[in-house]
Amino acid sequence: MRQPRGDNRGILDPERLRREVRFRRLLPAPALRTWVEHYWLVDWALSEPFAQRVVPHPAVNVVFRQAEDGPETAEIAGVGQRLFSITLTGTGRVSGIQFRPGGFRPFWRRPVAELTGERRPLAESPDAARAAAGSAGRGGHCAGTDTERRLALDAFLTAWAPEPDPAAAEAMALAEAIRADRSVLRVGDLARRHGISVRRLQRLFLDHVGVGPKWVIRRYRLQEAIERATEGPPDWAALAADLGYSDQAHLVREFTAVTGVSPTAYLRSLH
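Calculation criteria
Residues numbered from 1 in each chain as written. Predicted model: local features only at pLDDT ≥ 70, side-chain atom pairs only at ≥ 80, totals over all residues. Heavy atoms only, no water. Axes fitted to C-alpha atoms, helices over the stretch in contact; angles between N-to-C directions. Helix = DSSP H or I, 4+ residues; strand = E, 2+ residues; numbered from the N terminus. Parallel < 35°, antiparallel > 145°, perpendicular 65-115°, else oblique. Contact = heavy atoms within 4.5 Å. Nonpolar A, V, L, I, M, F, W, Y, C, P; charged D, E, K, R; others polar. Buried < 20%, exposed > 50% of the residue type's maximum accessible area, 1.4 Å probe, protein only. Pairing = 2+ DSSP bridges. Salt bridge = Lys/Arg side-chain N within 4 Å of Asp/Glu carboxyl O.

Chemist: In this structure, what is going on with the packing of helix H8 (residues 213–230) against helix H10 (residues 248–259)? I would like to understand it.
Modeler: When two helices pack together, their arrangement is given by the angle between their axes and by how far apart the axes lie. For the pair H8 and H10, interaxial distance at closest approach is 11 Å and the crossing angle is 90°. Taken together, the axes of H8 and H10 are roughly perpendicular relative to one another. Contact with H8, carried on its side by Arg218, Arg219, Leu222, Ala225 and Ile226, involves Leu251, Glu254, Phe255, Val258 and Thr259 of H10 and no other residues of that element. The class makeup of the residues in the contact of H8 with H10 is six nonpolar, one polar and three charged.

Chemist: Is there a simple way to explain the pairing of strand E1 (residues 22–26) in this structure?
Modeler: Residues in a regular strand point their side chains to alternate faces of the sheet. In terms of burial, E1 is a largely internal element, four of the five residues being buried. Of the pairings in the sheet, the one linking E1 to strand E2 (residues 36–45) comprises five bridges and is antiparallel in character. Pairing of Arg22 across the sheet is with Asp43, part of E2.

Chemist: Whenever I open this one, the pattern of salt bridges confuses me. Can you help?
Modeler: Once the charged atoms of two side chains with opposite charge are near each other, the side chains can pair. In total, this model carries 26 salt bridges according to the counting rule given. Note that Arg119 is salt-bridged to Glu75, the shortest N-O span being 2.5 Å. Taken as a pair, Arg119 in strand E8 (residues 119–121) and Glu75 in strand E5 (residues 73–77) lie far apart in primary sequence, 44 residues in all. In this structure Glu75 comes out as partly exposed when scored by relative accessible area, which is 23%. The closest approach of N and O atoms between Arg218 and Glu254, which form a salt bridge, is 2.5 Å.

Chemist: So what exactly am I meant to see when it comes to the sheet that holds E5 here?
Modeler: Remark on secondary structure: sheet strands pair via backbone hydrogen bonds, oriented parallel or antiparallel. Taken in spatial order, the six strands line up as E1-E2-E7-E4-E5-E8 in an open sheet, and their pairing is antiparallel. The outermost strands of the open sheet, each flanked by one partner alone, are E1 and E8. Ignoring strand direction, the axes of neighbouring strands in this sheet form an average angle of 20°. Judged from the five bridges that link them, strand E4 (residues 61–67) and E5 form a sheet pairing that is antiparallel. When the bridges of E5 are listed, Asn61 appears paired with Ala77.

So this is what it looks like as structure tokens:
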């Protein structure tokens, strides 16, 4: 039986995250798992501000948020190409939907690349806004038990009525191949293995994932490097070779460019 992902990929300082807030992942209804990776719920009651940084996945998220006793807000977050940082204060809660790479296209019905690097109010999509209005219970999508929140998100996505899309299924399968197979290090290799041209592969990813296949390969490999670092100081040269970087310096440059700190400084920040 499928379980939600249990890794920490993308989360910088996952141990502190779990000390400061309640974070958990839930699976959607079986009929929605074709497109949705998981739901993610966060609740907090903080005496001091807490800053969290995340290296984004190549995935679109829909995020419902309620701070203190204010109104619930909702937005569509396209694939983030830069480090995402947020500071939480007081009390609040979030109910988020992380789509599988390529899985948002049947809901959005337009090229997903137009959302890349952007965060848009859900109200900008009339179909999504109607679905959200129809699925919100007395407390919206952020209140109640975990089961109640999961059911509200299920109802929201079901009401949005995704359209069948064979190309989206192909894009999802290719993105999953990149994530699952660490030997996929070059776009040309991926194209040859699956019998498609590099040009078609690039168009497919931009339309359905929102970023190109090279970016997806590099992001997944960097996330693996970050997660391996949280397990203890790695042999950076060996890790660079294992993940397809030209050398240790190449890995260090990319790590620093994405996270904003060097690998050495990152390891120090975890203690």
